[in-house]
Amino acid sequence: IKMDKGTGIVTSVPSDSPDDYAAFMDLMKPGKREHFGIKAEWVEPFELIPIIDVEIDGEIRTMAAQYMCEKLGVQSQKDTVKLQEAHDVCYKLGFDKGIMSAGPLKGQPVKKAKLEFRAQMVKDNQAFIYSEPEKKIVSRSGDECVVASIDQWYLKYGEEGWKNQVENHLNGDSFVTYNARIKESFQDALSWLKEWACSRSFGLGTRVPWDEKFVIESLSDSTVYMAYYTVAHFLQDKALDGSKGGSGNIKPEQMTEDVWDYIYLKGQMPKTDIPKSLLENMRKEFRFWYPMDLRVSGKDLIQNHLTMSLYNHACVWEDEPELWPRGFFCNGHTMVNNEKMSKSKGNFFTLADIIQKHSADAVRFACANCGDTLEDGNFEEPVATGALLKMPVFIEAMKALITGGEPLDIGKEDSTFLDRWFANELNRLTSESKHHYATMYYREALRTTWFEFCASFDQYRDVCKAGKRKMNKTLVMRYLEWQMIILSPIAPHFCEHGWGLLNKSGSVLNARWPELTKPVDALIVSQGDYMFNKVPHDFIKLLEKASKGAKPTSATVYVALTYPDWKVTVLSKLREMHDKKQLPLVSPEEMKSNAEAKAQWTDVMMGLMQDPSLKPFGKLLGPFAAFTRDEAAQHGASALSAQAPFDELALLMENVDYLKDKLGMDVDIFLAEQAKTGHADLVSNAQPSKPVVVYAGTSGGGAGAGAGAAGKGKTNGSSVPLIKDLRALNDHLGTRSYFEGGGGPTAADAGQLAQLPKGAINAEQYPHVARWHRHVVHFSPEQKSKW
């Protein structure tokens with residue numbers, strides 16, 4: 001019923017409509033009648049009239065609405081939740097199982113009686129049938145659209161044989177949708193798309209060949225027009241609108257159906273004055289370029305135009321499925337700065353507007369960053385602005401490198417680990433970028449071709465500067481050349497300019513994709529992550545804690561070659577489970593939802609807990625095993641090894657200047673077994689791939705490194721406040737052997753010892769406090785007096 005169009009009169013049926021029943025019962029109440037100005041005689045003479053018998057809860061109900069309202073305890077029309085539940089039951093069962101108990105169709109099922117009664121009303125001129133859009137539709141002129149009752153031509157999409165052809169192609173190996181969401185959307189469209197009105201009586205469009213008073217509607221038209229591109233240059237390459245003809249000097253009237261059949265359908269040579277050699281060339285062009293490898297479009301066209309394209313290719317080239325489309329990629333709509341584009345919001349841009357504001361390549365940066373799925377893309381202006389600011393800086397740095405303004409080393413390109421790492425990063429990122437482009441993940445391609453590619457060079461330059469050495473010229477020139485090539489699909493103008501600065505011939509757009517100098521070495525990737533990311537990051541975090549009182553002036557790094565025995569046992573058992581394919585190497589997120597992986601991990605942990613040698617480490621066992629599992633899931637089975645996959649000591653020693661630069665202090669590196677006096681307990685926490693750092697000295701020339709503390713207390717002559725809170729004390733002692741961070745105990749250790757709460761220290765909860773406590777209590781009173 002359309003309230004704004006008067007499509008009918010709604011009668012009240014309180015016997016079978018719960019809402020009507022509730023309204024009827026409200027009107028039985030004098031207060032309600034008075035409120036609405038209704039007289040008693042208008043409602044009190046009337047009784048409920050049963051019209052449908054329906055089985056509910058195992059019995060035939062003659063008045064379903066009354067039964068359901070009483071069952072659910074409906075008190076008034078305000079009980080909307082209960083009324084909705086009653087409505088759903090009455091209407092569903094009434095239509096599916098109801099039998100008419102009144103009227104001329106008494107005894108007939110409701111679903112049959114409805115159709116017969118409708119036909120009778122139409123016959124008696126009491127009603128007429130009309131069509132209504134499923135939702136409100138407004139034209140571009142602002143007018144509300146209605147359905148016109150006219151003659152219409154339909155294409156019978158969904159016909160079983162035709163549909164099966166398309167479905168097999170969609171699910172086959174020769175068609176690519178690039179992500180699962182797009183494929184699911186096409187499968188959904190195939191499941192419901194059936195007869196489709198393919199013509200209309202007015203507007204722009206191609207005439208329906210067999211009935212020229214109609215034109216083909218826009219979604220049905222142009223579903224195979226990509227085939228026209230293959231020969232368009234013969235017909236209209238002298239002007240886009242075709243007004244000046246084409247290089248083939250062919251007139252429109254010469255392009256008869258027989259000519260098109262020859263070109264597209266392997267038809268017989270037509271009778272025409274078009275030269276035979278020209279027709280043969282046109283056919284060759286079509287056969288060379290078709291099928292279409294990729295069509296890019298919006299997600300809203302999957303449900304019609306794009307699915308129709310598959311259908312119509314399957315129809316026109318029924319016997320040549322090798323000419324059907326090979327891939328569709330679809331994207332969502334575009335937002336600007338996380339808001340829907342709207343003129344009223346001032347964020348609506350034409351292409352000319354946005355290019356004028358940010359430049360073409362900066363806009364392309366932001367477009368690539370929009371996203372790679374069916375979700376609506378977000379055009380972020382700050383991304384465009386950032387690109388616009390960074391590109392000129394890059395060009396100036398590029399000029400300095402090319403002209404010698406920044407001197408480079410002309411030695412071997414693999415003489416140091418740093419050089420080998422940088423070369424490997426160039427290979428890795430170039431390989432990953434090619435994959436991202438091939439799979440239409442442009443946001444990921446932007447990440448690897450620009451952000452990470454630039455970041456790898458910045459890292460290379462920083463480490464070289466820290467070591468007071470020059471960058472290798474061969475690697476730097478390779479970096480600049482490859483950067484221009486792999487970024488050119490996103491920023492062609494910027495890369496073309498850079499290509500010219502490199503004095504390269506031709507256009508960067510015609511350059512071959514870089515060939516990797518070597519296969520990507522995963523071990524070098526791990527070493528680089530360890531040396532330039534993990535170790536500096538962890539050490540700087542510990543330095544921040546150690547600097548809360550006074551900043552240390554030196555650091556000693558200890559490297560462990562092996563794990564403690566109990567961890568070696570755990571790793572051995574995990575390797576065994578992995579070899580048996582019983583170790584679930586999935587991400588922590590997937591572990592939460594993967595029932596099979598959860599069950600496998602439960603079995604693994606039960607096996608570990610049952611090992612007698614591991615029982616003393618029960619509370620440490622779970623976290624260590626889970627951490628190792630996650631590392632293996634991310635980096636591969638090598639994470640299960642009981643030894644570091646590379647020589648940590650040699651790597652740290654070679655790059656010690658970088659650590660000194662990052663920490664801003666002198667750095668010494670030793671094996672864990674070479675621990676200095678007073679460092680032994682702290683060094684016990686070192687393990688392969690996880691070195692320990694001990695900070696010492698103060699920037700003010702004091703005896704030890706100070707650190708901030710939680711809580712307040714006496715200082716006992718020390719510049720570092722004593723700490724009452726055990727958790728804070730544990731954090732404080734995590735980076736030092738003694739309270740003030742020096743090479744031996746001081747009065748601060750004695751003061752802190754006296755302030756500890758009575759009783760044993762929980763070594764599992766506060767391991768650093770327990771270790772420090774065990775050590776300092778063994779000193780005699782005489783020794784303590786000299787602190």
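Just so it is clear, the model here is predicted, and its values are computed rather than measured. (Residues numbered from 1 in each chain as written. Predicted model: local features only at pLDDT ≥ 70, side-chain atom pairs only at ≥ 80, totals over all residues. Heavy atoms only, no water.)

The next thing to look at is the overall build of the chain. Scanning the chain for helices and strands turns up 31 helices and 15 strands. Considered along the principal axes of its C-alpha atoms, the chain spans approximately 120 × 90 × 55 Å. Within the span of the chain, comprising 787 residues, buried residues form 40% of the whole. Considering only residue pairs separated by 6 or more positions, the chain has 65% of its internal contacts joining residues 24 or more positions apart. Total accessible area computed for the chain in this model is approximately 44,100 Å², and 54% of it derives from carbon and sulfur atoms. Measuring between centres, the 93 positive side-chain charges of the chain sit 5 Å from its 103 negative side-chain charges. (Helix = DSSP H or I, 4+ residues; strand = E, 2+ residues; numbered from the N terminus. Buried < 20%, exposed > 50% of the residue type's maximum accessible area, 1.4 Å probe, protein only. Contact = heavy atoms within 4.5 Å. Areas by Shrake-Rupley, 256 points an atom, 1.4 Å probe, with all protein chains shown as cover. Lys, Arg positive; Asp, Glu negative; His and termini not counted. Charge placed at Lys NZ, Arg CZ, Asp CG, Glu CD.)

Further remarks concern the sheet that holds strand 11 (residues 339-340). Read across the sheet, three strands follow the order 11-10-12 without closing on themselves; strand pairing throughout is mixed. The open sheet has two free edges, formed respectively by strand 11 and strand 12 (377-379), since each of these has just one partner strand. By the bridge criterion, three bridges tie strand 10 (residues 334-336) to strand 12 in an arrangement that is parallel. When the bridges of strand 12 are listed, Thr334 appears paired with Gly377. (Pairing = 2+ DSSP bridges.)

Here helix 10 (residues 257-265) has its buried residues at Val259, Tyr262, Ile263 and Tyr264. Elements that come into contact with the buried residues of helix 10 comprise helix 8 (226-229) and helix 11 (276-289).

Glancing now at the sheet that holds strand 1 (residues 52-56). Strand pairing in a sheet is mediated by backbone hydrogen bonds. Such pairs are either parallel or antiparallel. Pairing is antiparallel across the open sheet formed by three strands, whose spatial order is 2-1-3. The outermost strands of the open sheet, each flanked by one partner alone, are strand 2 (59-61) and strand 3 (99-100). In terms of strand pairing, strand 1 meets strand 2 through three bridges, oriented antiparallel. Its bridge partner being in strand 2, Val54 is matched across the sheet by Arg61. Across the sheet, helix 3 (residues 64-72) touches strand 1 and strand 2, and the angle it forms with strand 1 is around 35 degrees. (Axes fitted to C-alpha atoms, helices over the stretch in contact; angles between N-to-C directions.)

A word on the pairing of strand 8 (residues 295-298). Relative to strand 9 (residues 328-331), strand 8 runs parallel, the two sharing four bridges. Each bridged residue has a counterpart across the sheet, and for Ser297 the counterpart in strand 9 is Cys330. Crossover strand 8 to strand 9 through helix 12 (residues 302-316) is right-handed. (Right-handed = clockwise from strand over helix to strand, strands pointing away.)

Turning to a negative patch on the surface, a few remarks are in order. Taken together, the side chains of Asp458, Asp462, Asp657 and Asp661 make up a negatively charged region of the molecular surface. Taken together, the elements giving at least two residues each to the negative patch come down to helix 17 (442-466) and helix 26 (656-663). Inspection of the secondary structure assignment puts Asp657 in helix 26. (Patch = residues over 30% accessible without salt bridge, like charges linked within 9 Å, V, L, I, M, F, W, Y side chains within 5 Å. Salt bridge = Lys/Arg side-chain N within 4 Å of Asp/Glu carboxyl O.)

Before going further, it helps to examine the pairing of strand 13 (residues 554-559). The buried count for strand 13 comes to five of six residues, which makes it a mostly enclosed element. Where strand 13 and strand 14 (residues 666-671) come together, six bridges link them in parallel fashion. Bridging across to strand 14, Thr556 finds its partner in Asp668. Across five bridges, strand 13 lies against strand 15 (residues 692-696) in antiparallel orientation. Looking across to strand 15, one finds that Thr556 is bridged to Val694.

To continue, consider the nonpolar core. Ranked by size, the top nonpolar core spans 76 residues in total, and within it Phe394, Tyr460, Tyr479, Met484, Phe494, Leu652 and Tyr695 carry the most contacts. The greatest single-element share of this core, amounting to 10 residues, is contributed by helix 17. When near neighbours in sequence (up to four residues on either side) are disregarded, Phe394 contacts Trp450, Cys454, Tyr479, Leu480, Gln483, Met484 and Phe494. Val231, Phe286, Tyr290 and Leu374 belong to the second largest nonpolar core, which has 42 residues in total. (Core = buried A, V, L, I, M, F, W, Y, C linked by side-chain atoms within 4.5 Å.)

Applying the stated rule across the entire model yields 25 salt bridges. Across the pair Arg447 and Glu444 runs a salt bridge whose closest N-O atoms are separated by 2.6 Å. Here Glu444 and Arg447 lie together in helix 17, a separation of three residues that amounts to about one turn. For Arg447, a relative accessible area of 27% puts it in the partly exposed group. In this structure Glu444 comes out as partly exposed when scored by relative accessible area, which is 27%. Connected via shared salt-bridge partners are Glu425, Arg428, Glu432, Glu444, Arg447 and Glu452.

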